[in-house]
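Analysis of the macromolecular model
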Amino acid sequence: MKIQENAVVGLTYELKVSKIEDDIESVPFEAEVRDEEDPFYFLFGNSGLPEKFEELMAGKSVGDEFSFVLKVEEAYGEADDELLVSLPKSQFSNENGFNPEMLQEGNFLPLMDEDGYSMQAKILKDLGENILLDFNHPLVGFDLHFDGKVIEVREATEEEKEHGHVHGEHGAHD
């Protein structure tokens, strides 16, 4: 079966990221590796991945290898200053399941949005009473270099189509 709408796709890949600063591309460094032990699964057409990623994966079959670069604008775009938010530390109390170690600058906090979707915010600065959080996707501002292989392609179940995610596999969105 080829990768198409409503296919569940399993991939192994190595993701490297690079940034362009002053017109110079930085050396790509490793951001994530998904191997046979922990492949990445997604529902094609509803992956939450950049559209261009899905476009480039369409039509591939099991065993196909892929290697491509998504430029910033095809990936997660540039950082948005409106997604920098200062919140009172009191919201991150023990009662709410947080502890002081979690509130170190540079950490990612696991949070939920109003609809109960998990998201993460990076702690940029400890401002005393408040902390400054960055809700931009961790990969904004980067070119993404993917090298990988398709290891599974199957038809999604009705339940997976209905819920829009892969059942029972630990994808990036669990």
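Definitions and limits used
- Residues numbered from 1 in each chain as written.
- Predicted model: local features only at pLDDT ≥ 70, side-chain atom pairs only at ≥ 80, totals over all residues.
- Heavy atoms only, no water.
- Helix = DSSP H or I, 4+ residues; strand = E, 2+ residues; numbered from the N terminus.
- Buried < 20%, exposed > 50% of the residue type's maximum accessible area, 1.4 Å probe, protein only.
- Contact = heavy atoms within 4.5 Å.
- Phe/Tyr/Trp six-rings, centres within 6.5 Å; stacked < 30°, edge-to-face > 60°.
- Lys NZ or Arg CZ within 6 Å of the ring centre and 35° of its normal.
- Core = buried A, V, L, I, M, F, W, Y, C linked by side-chain atoms within 4.5 Å.

1. Some details on the overall build of the protein
Scanning the protein for helices and strands turns up two helices and 11 strands. C-alpha atoms of the protein, sized along the principal axes, occupy 55 × 45 × 30 Å. Per-residue burial for the protein yields a buried fraction of 35% across its 174 residues. Contacts in the protein between residues at least 24 apart in sequence constitute 65% of all its contacts with a sequence separation of at least 6.

2. Thoughts on the packing of aromatic side chains
One pass over the full model with this rule turns up 10 aromatic pairs. Ring geometry for F92 against F98: centres 5.1 Å apart, planes inclined by 85°, an arrangement best described as edge-to-face. Judged by its relative accessible area of 6%, F92 falls in the buried class. A cation over a ring is seen here: K19 above F142, with NZ or CZ 4.1 Å from the ring centre.

3. A word on the nonpolar core
Membership of the largest hydrophobic core comes to 23 residues, with the highest contact counts inside it found for L11, F53, L144 and F146. At the level of elements, β1 (7-18), β5 (40-43), α1 (51-57), β6 (65-70) and β11 (143-155) are the ones that each hand at least two residues to this core. Non-local contacts of F53, meaning those with residues more than four positions away in its chain, are made with L11, F42, F68, L70 and F146. Formed by 10 residues, the second largest nonpolar core is a distinct cluster that contains L87, F98, L103 and I131.

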